[in-house]
Every structure is written in structure tokens, then in C-alpha cells.
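# Results of the structural survey
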Amino acid sequence: MLFRSATCHRHRLPMRDAVRLRRHTDEVWHVSFSPDGRALASASKDGSIALYSVAKGVDDADNVDNNPDQYVVQLQAILRGHKEAVSFVAWSGDSGTLLSCSNDNDISLWDVRTGARRAVFKQPPTMSAANNSPSIIGAVCWADHTAQRFVTAASARNITVVRVDDGHAETIPAPGRVSDLASAPAKQRLVALTQERIIVVYKVMPVGVTWPTPTTMRENEAVTSLHLVGDGRHALVSVPHAIRLWDLDAQRRLRSFRGPRQSRFVIRTCVGGAHGAFVASGSEDACVYVWHRASGALIGSLKGHSGVVNAVSWNQHMPGLLASASDDGSVRLWVPSDGQAVELPPLISTSPPPPPTTEPPTPSAAQRMPRRLSARHRRRSTDATDRR
């Protein structure tokens, strides 16, 4: 019955390529809607982050009443400061702050309202014990809704919890080399993936309180990326030829979603649509794939990009709006067949600014994050024996 309902309402799924956002000069590696649905951030190999406003409606309110799937996007800011590719962004729960991590081993904290970089948390580069390559921060997420602490990992056998106010870092052991992270602050849950194919579930504790021993589950294939669903009970775990839905509370795998190609690179997934009934993923074949979550049935593959689709994000407040980021240098917005989306002229100049004369504040050397043992390059998806 659920699948029949989903297919009957297929025309309400975002499956039409409506807008192509081209504000980057190189591959786009990540894209994410804010928790309140009113903003979109994209991260690029060119070292910048594009920040857009998102709203319902195109020209007049009457049209919105007749067709709710009409959207307006507008470039608000280009966030610059990283010296190398930006691989990931993470929104705070109130949508007011953005974290970004980069191949320059900096984690930047951005004020979304002003576009200012409030702080930089530096990690000195180290060498990977696995292949003698430079260690790179590959994942970052918030530890709580207050945006007072964040968590990072760089393929070491631990995670690092960092306080925003003073940069104090606490190291938490992990049962393997951590390659990806996701959090559900409402559930006090942090989930990590390791290169040894282990899913690690932590309970986040207050500052100064010892974290309990985490729960672990094991996959039978190399794990490449992680997405937590809703309150954090369920997780999407990507393996080379499928996406698997896990019930973390019951510690069991529920079903698999098949179709995308993701054997070479880290490809990110999401859940969305009405009542979170659908799963979406990028793919190395330049398509976006959409499945029915309850049945695992493939609804369709969306064509439009001309390069690897690295990440997708579904607007949780506007279920007819899906974003995808690609190596072709674009972010595309997908809407239902009768929907509409337009990009308004940017509010700012898109010309590169002159080099900054001062650096944003950084924690003192004693407060910087500890050195790491190893890390993987964000772009490569490989097994524990071959990480770059």
C-alpha cells in the first residue's frame, strides 16, 4: 500500500532539473540545506563555499496556493578563506552557524548571517601510517544543538571533540580508523564509520564526563559514507554497490537500495520527500537515484549532470526540492514535473576579493587539536588497506 501510494504520487517527487547553480569554478564536493530549509550551502574543490537563500514562491502568492512546488533561490555570499578544496559543511541546529573542513586541514566556523569567518581550528598535517600520505580531516559534525562543541575525524583510531569557545580538544577512542561521522544531537547520538567496516554508535556526554563504551556493528563490505535519518535511530551506510538502511537501536540491517555506482569516490546520500518516505543518492555515472524507503524499490534515475554526482540534499521543509552537487561544477535543483524554481540575481559581487590582510582568530597552540596518525583523501573510496 505504501509503495502504491508513492508511485501514485510520483508527480510530486522532485525529478525535473529546474535550476543549475554555477557559482563555483571547479568540482562541487558537497551540498546541504540548512535545518530550517531557508538556506543552501555548497562546498567546492575551488576552496569556496556558496551560500544561497531558499524560499517558496516565484512571482505571486496565488500561484503558490495553486502549486506549492515553486521556489526561489538567491546567492547571498561566497565564503572564502580555505587554501585548498572544501570537502564538507555542517549546519548548526539553529541554522545560524556553518562548519567547513578542508584539505588544508583547517576547520572554519562561519556566521551565516554576516558571512564572516568567526574562527579557524587548525590541525597540523601528519603522515598516514597506512600509506605514508598526508593526513586530511575527512569529516566534521556538531556534537550538540547549542553549537558549542563539534566532532572531527581524520582516519585515526579516535575522534576529537572540540569546544568552540576556547578550542579545547578531547580525544575519544574508536575501534578503528574513522572515515566518516554523523550526529543526532536530540538523541545524544554520534555515529562513526571506520575503515575496518565497523559502525560505531556513541552516546554524547557533557564536558568532563567519561563517554560510555560505544555500541558497534559490522558491515561485510567497505563502508564509504554515512547519513543519519531523522532522530538518529536509522542510518544510511554506503558500500561500493549499494546503500544499506540500518536500525541502530535494533542493531540490524533492514534493506538495501541498489543501482548507483560508487566504487571509486565517496558518494553521499539523504532521506526526504513527504514523511521522509524516499532515499536519494549521487552516483559516479552522473545520475541522481531515488528509491522508495519502505520497499527499497527504485523510483527513477535523474539525468542532467555531466560528471560524478558527489552529494545530494533534500529540503526537510520543502519536500518537493532536492539539490545535487557534481564534478561538472554545478549544483542542480530538482522539483516535481509541474514545479518551478528560479535563481534571482545575486545580492553580492561574484568577483574574487583581494587577499585578506588579517587572519581570523585561532585557538592558541596549546588548545589546538592533537595530531593524527592517518587519514584518507576525501575523494577516494577504498578499503582499509588502501586509503588516500
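Look a little higher up for the structure.
Described in the following lines is the structure provided in the data block. (Residues numbered from 1 in each chain as written. Predicted model: local features only at pLDDT ≥ 70, side-chain atom pairs only at ≥ 80, totals over all residues. Heavy atoms only, no water.)

### Side note on the overall build of the protein chain
Rules: Strands here mean DSSP runs of E at least two residues long; helices mean DSSP runs of H or I at least four residues long; both are numbered from the N terminus. Relative accessibility decides the category of a residue: with a 1.4 Å probe and only protein chains considered, values under 20% of the type maximum give buried, values over 50% give exposed, and everything between is partly exposed. Residue contacts are counted whenever heavy atoms from the two residues lie within 4.5 Å of one another. Accessible surface is estimated by sampling points in the Shrake-Rupley manner with a 1.4 Å probe; for residues, cover comes only from the protein chains shown.
Within the protein chain one finds two helices and 29 strands. Evaluated residue by residue, the protein chain yields a buried proportion of 59% over its 388 residues. For the protein chain, restricting intrachain contacts to residue pairs at least 6 apart in sequence, the fraction spanning at least 24 positions comes to 53%. As displayed, the protein chain has an accessible area near 15,700 Å², and 49% of this comes from carbon and sulfur atoms.

### Structural notes on the sheet that holds strand β2 (residues 28-33)
Note the following rule: By the convention used here, strands pair only if DSSP detects at least 2 bridges between them. Helix axes are fitted only over the stretch in contact, all axes being lines through C-alpha atoms; the angle between N-to-C directions runs from 0 to 180 degrees.
Spatially, the five strands line up as an open sheet ordered β2-β3-β4-β5-β29, and their pairing is mixed. Lying at the two open borders of the sheet, with one neighbouring strand each, are β2 and β29 (340-344). Ignoring strand direction, the axes of neighbouring strands in this sheet form an average angle of 25°.

### Some points on the sheet that holds strand β27 (residues 322-326)
In space, the four strands of this open sheet follow the order β1-β28-β27-β26, with antiparallel pairing throughout. Lying at the two open borders of the sheet, with one neighbouring strand each, are β1 (16-21) and β26 (309-314). Within the sheet, the average angular offset between the axes of one strand and its neighbour, ignoring direction, is 25°. Where β26 meets β27, five bridges bridge the pair, whose relative direction is antiparallel. Pairing of V312 across the sheet is with S324, part of β27.

### Thoughts on unusual backbone geometry
At Q188, a position not held by glycine, the phi torsion is positive, near 50°. You can see Q188 is positioned in the loop between β14 (178-184) and β15 (189-194). Take Q188: its relative accessible area is 39%, and that puts it in the partly exposed class.

### With respect to the pattern of salt bridges
Note the threshold: Each reported salt bridge corresponds to a side-chain nitrogen of Lys or Arg within 4 Å of a carboxyl oxygen of Asp or Glu.
A complete count under the given rule lists 20 salt bridges for this structure. A salt bridge links R12 to D69, with the nearest nitrogen and oxygen atoms 2.5 Å apart. Within this pair, whereas R12 is found in the loop between α1 (2-8) and β1, its partner D69 is found in the loop between α2 (61-66) and β5 (70-80), the two being separated by 57 residues in sequence. Accessibility expressed as a relative area gives 28% for R12, which makes it partly exposed. The partner of E219 in a salt bridge is R244, and the shortest N-O contact between them spans 2.5 Å. With E219 in the loop between β17 (215-218) and β18 (225-229) and R244 in strand β20 (residues 242-247), this pair connects stretches of sequence that are 25 residues apart. In the salt-bridge network here, residues are joined through shared partners; they are K187, R189, R233, D247 and D249.

### Considering the pairing of strand β10 (residues 139-142)
Burial of β10 is two-sided: the residues A139 and C141 facing one way and the residues V140 and W142 facing the other way are all buried. Judged from the four bridges that link them, β10 and strand β11 (residues 149-153) form a sheet pairing that is antiparallel. The residue bridging V140 from the neighbouring strand is T152, located in β11. Taking the residues that link successive antiparallel strands as the turn, the β10-β11 hairpin has six residues, and the phi of A147 there is positive, at about 60°.

### Considerations on the nonpolar core
In plain terms, the rule: For this analysis, a nonpolar core means a set of buried residues of the types Ala, Val, Leu, Ile, Met, Phe, Trp, Tyr and Cys, connected via side-chain atoms within 4.5 Å.
Of all hydrophobic cores here, the largest spans 22 residues; its most connected members are L21, L40, L321, V331 and L333. Mapped onto this core, the elements with two or more residues apiece are β1, β2, β4 (48-56), β5, β27 and β28 (331-335). Among the elements that take part in this core, β5 stands out by supplying four residues, more than any other. Sequence-distant contacts of L333, defined by excluding residues within four places in its chain, comprise R16, D17, A18, V19, L21, F33, L40, V73, L321, L322 and A323. If you look at the next biggest cluster of nonpolar residues, it comprises 19 residues, including V178, A192, V204 and W211.

### Quick look at the environment of D328
Going by this rule: Each polar contact in these results corresponds to two N or O atoms within 3.5 Å; when the atoms are within protein, one needs to be able to donate a hydrogen and the other to accept it, and residues that are neighboring in sequence are counted only if both atoms are side-chain atoms.
Residue position: D328 is located in the loop between β27 and β28. Given a relative accessible area of 18%, D328 falls into the buried group. Here the alpha-carbon distance between D328 and V309, two residues 19 residues apart in the chain, equals 8.4 Å. Residues contacting D328, with those up to four places away along its chain left out, are R22, H305, S306 and G307. A polar contact is formed between the side chain of D328 and the backbone nitrogen of S306, at a distance of 3.0 Å. Within the structure, D328 has its side chain in polar contact with the side chain of S330 (distance 2.8 Å).

### Examining the packing of aromatic side chains
Short version of the rule: Ring geometry is summarised as follows: Phe, Tyr and Trp rings, the Trp one being its six-membered ring, pair when their centres sit within 6.5 Å, and such pairs are stacked at plane angles under 30 degrees, edge-to-face over 60 and tilted between the two.
Counting across every chain of the model gives five aromatic pairs. With centroids separated by 5.8 Å and ring planes inclined at 55°, the aromatic side chains of F257 and W291 adopt a geometry described as tilted. Note that F257 is positioned in strand β21 (residues 252-258) and W291 in strand β24 (residues 287-292), a separation of 34 residues in sequence. In terms of burial, F257 and W291 fall into one category: buried. Judged by centre distance (6.3 Å) and plane angle (25°), the ring pair of F278 and W314 falls under stacked. Note that F278 is positioned in strand β23 (residues 278-281) and W314 in strand β26, a separation of 36 residues in sequence. By the ring-pair criterion, three or more aromatic residues cluster together here, those being F257, Y289 and W291.

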